[in-house]
Amino acid sequence: MKSINYEHAAQRKTFVGVVYDVGSRARKESILDGLDPRFSKFHREGRMHIHDLEAYGITYNCLNVNVLAGFPYEDFHGYSNLRKMLGIFEHFKRVIVGLGNEQSGGIGFPNFDIDLEVISERVGLPWDEATRTTLSECIDAFLKWINDARDRCGQVQYYVTLNLGLGTGERARFVTSAVLSRFMRSNNIRPNIIFKVKDGINRREGNPNHDLACLARESTSKKMIPTYLLCDSPHNAQLDPVKIALMGCRTKVYQDEHGEGTTIGRSNIVYTTINLPRIALEVTSEHSELGVEDIIREFEDKWSSVAEVVKDQLLHRYREMCKNGPDDFPCNYAFDLQITSFKAVASMEDVFKHGTLAIGFIGLSEAIDLLTGKKYYSSSENHALAIRIVRGMREIVDKYRRDHGLNFSLLGTSGEFISGRFPGIDKTYYDHPLIEKGFYTNSFHVDVDSKLNPFEKIAFEGPFHKYCNGGCITYVEFKSAPLTNVEAISELIEHAIENDVHYLGFNFPWDQCRDCHATGTFDDCTSCGSKDIKRIRRVSGYLEEAEFFTPGKKAELAHRKPNV
Ligand SMILES: [Zn+2]
């Protein structure tokens, strides 16, 4: 009999999973065949990548849910306290499962602590010992369910992000504390948790939630989670921190051409990523005679012409999606999860115009290296060039925003799949060592083997954050879990705020022995000697087991060096 190893469930093909895969592959091809040849050619030739192609014209990408608006409070009348508590979490699970069927990407809770406080009060739960006990148990069960459930598309997990840390009410504080401490004590690698850092609330000693910030850092030092949304970084400082939240993959949705800035109830609708090294390869092979200044200008011009195609493709996809009706989104319809109720709209455009159309980029580091022969972090001149390029991209994206009255945004793409796909295609056209390594570096990140110390890395990457209004992250890579040096995490958070980083994460190799459950950084288990080791690493914002990485990410992992 074939044994089922639930640890490897991501690779298990259920009946539904097999049917989904076959359908998804066929749909991608038929979508490409039916698109404007400009779009399909650019995608097939690897000059751009249309993400979640199987969802083209059907649905949007991700959503930070407005969980309060459509919560079925009235259903809770007459329930016992136990049933009320269970009912709240049943509802959250229904939302996750429902959205898992009707959108292609992640599900965020923008203020999990505050929202749970509001809901528990409105359904009439008393704040007593019995409530606290069941709340803590339910949170633990909810985290475990998110970690374990492989119910989406018959085989894959849900990408869920809990943003928290700002609620100073008794209940909200209890929720944040329970989420962090339960997560820290478990073997879970999901959900993604994002701790919002804000002066006056949790950033400094004496702030009401400073204890929770300390708990967050302790959890990060053991498990890489949470990551940190830095609400005090200069370009975020004027925003209401309650209204801003992120998706674990890094997607940021905030500015709105059709209303006040907020993340709550808003989606990234569509996104496509541009292959920067490819543009650099094209201009350097066509114009080998040019000096740096001219070659950079050629690069910028070529980027603009690629961006025109990407913009047209995003508009096409957006318009196709707006042809759907509210009935095509039953979970959104039932629970009013978005900024505009699906029940009240004349056309879907009334909802989706609030979402973002993101133009992503990958491989800035390789592009600058190709254009100048040096890394962008090798000199202040090259750093300034890199910033100029990203600022220029943002200016063009902002022009699209004005011209079309839609929320075009610039995204520093994480590129789980494309980091390997792009160089794989590029090497059929060009021959260069930067292609041979098998992956391109995320967004504007410095190379994973830069060996810059964490302070330098943050200082180099910080200036790019304010231009990436569609989202981005800076990571610091530790050699091993900084268990005895939680203070380093605090210092780096402060340094990141000073350098205008808005989203910060910490990575380190985290190995788990499958036999005795010991954890650490080892090849063979240091407790029992077992060679059966689960290697947990962060890829594209979420923790994953390394053996399931895409080939590009495996190549990147092999090159990663700590920032020491
Ligand atoms: Zn062991």
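Residues numbered from 1 in each chain as written. Predicted model: local features only at pLDDT ≥ 70, side-chain atom pairs only at ≥ 80, totals over all residues. Heavy atoms only, no water.

Participant: So what's going on with the packing of helix 9 (residues 292–321) against helix 13 (residues 380–404)? Residues and values would help.
Facilitator: Relative orientation of the contacting elements helix 9 and helix 13 amounts to 30°, with a least axis distance of 11 Å. In terms of orientation, helix 9 lies roughly parallel with respect to helix 13. The element helix 9 and its partner helix 13 pack so that their crossing is right-handed. Contacts from Val-292, Glu-293, Ile-296, Arg-297, Phe-299, Glu-300, Trp-303, Ser-304, Ala-307, Glu-308, Lys-311 and Leu-315 in helix 9 reach Leu-385, Arg-388, Ile-389, Met-393, Ile-396, Val-397, Tyr-400 and His-404 in helix 13. Here the residues of the contact of helix 9 with helix 13 are counted per class, giving twelve nonpolar, two polar and six charged. (Axes fitted to C-alpha atoms, helices over the stretch in contact; angles between N-to-C directions. Helix = DSSP H or I, 4+ residues; strand = E, 2+ residues; numbered from the N terminus. Parallel < 35°, antiparallel > 145°, perpendicular 65-115°, else oblique. Left-handed = near helix turned anticlockwise from the far one by under 90°. Contact = heavy atoms within 4.5 Å. Nonpolar A, V, L, I, M, F, W, Y, C, P; charged D, E, K, R; others polar.)

Participant: Can you lay out the coordination of the zinc ion for me, pointing to particular residues and giving the numbers?
Facilitator: Within the first shell, the zinc ion binds the protein through Cys-513 (SG), Cys-516 (SG), Cys-525 (SG) and Cys-528 (SG), at distances of 2.3 Å. Here the zinc ion is ringed by four donor atoms whose angles at the metal span 105 to 114°, and the overall shape comes out tetrahedral. All donors to the zinc ion come from one chain, and their sequence spacing reads C-x2-C-x8-C-x2-C. Of the two residues, Cys-513 sits in strand 12 (residues 510–513) while Cys-528 sits in the loop between strand 13 (519–520) and strand 14 (533–539), which places them 15 residues apart along the sequence. Taking relative accessible area as the criterion, Cys-513 reaches 2% and is therefore assigned buried. (Donors = N, O, S within 2.8 Å, 3.2 Å for Na, K, Ca; no water. Tetrahedral: all angles 85-135°; square planar, octahedral: opposite > 155°, others 65-115°. Buried < 20%, exposed > 50% of the residue type's maximum accessible area, 1.4 Å probe, protein only.)

Participant: Tell me about the pattern of salt bridges, and name the residues and values.
Facilitator: This model, assessed by the stated rule, comprises 49 salt bridges. One salt bridge in this structure joins Arg-47 and Glu-282, with 2.8 Å as the shortest N-O distance. Here the residue Arg-47 occupies a position in the loop between helix 2 (37–44) and strand 1 (48–50), and Glu-282 occupies one in helix 8 (residues 276–286), the gap between them amounting to 235 residues. Side by side, Arg-47 and Glu-282 carry an identical accessibility label, which is buried. Within the structure, one salt-bridge network assembled from shared partners comprises Arg-47, Arg-278, Glu-282, Glu-286, Lys-302 and Asp-426. (Salt bridge = Lys/Arg side-chain N within 4 Å of Asp/Glu carboxyl O.)

Participant: Now, about the state of the cysteines: what can you tell me, with residues and values included?
Facilitator: As enumerated under the stated definition, the model contains zero disulfides in all. Unpaired in this structure, Cys-472 has its nearest cysteine sulfur neighbour in Cys-468, at a distance of 4.5 Å. Residue classification places Cys-472 among the buried positions, given a relative accessible area of 0%. (Disulfide = S-S within 2.5 Å.)

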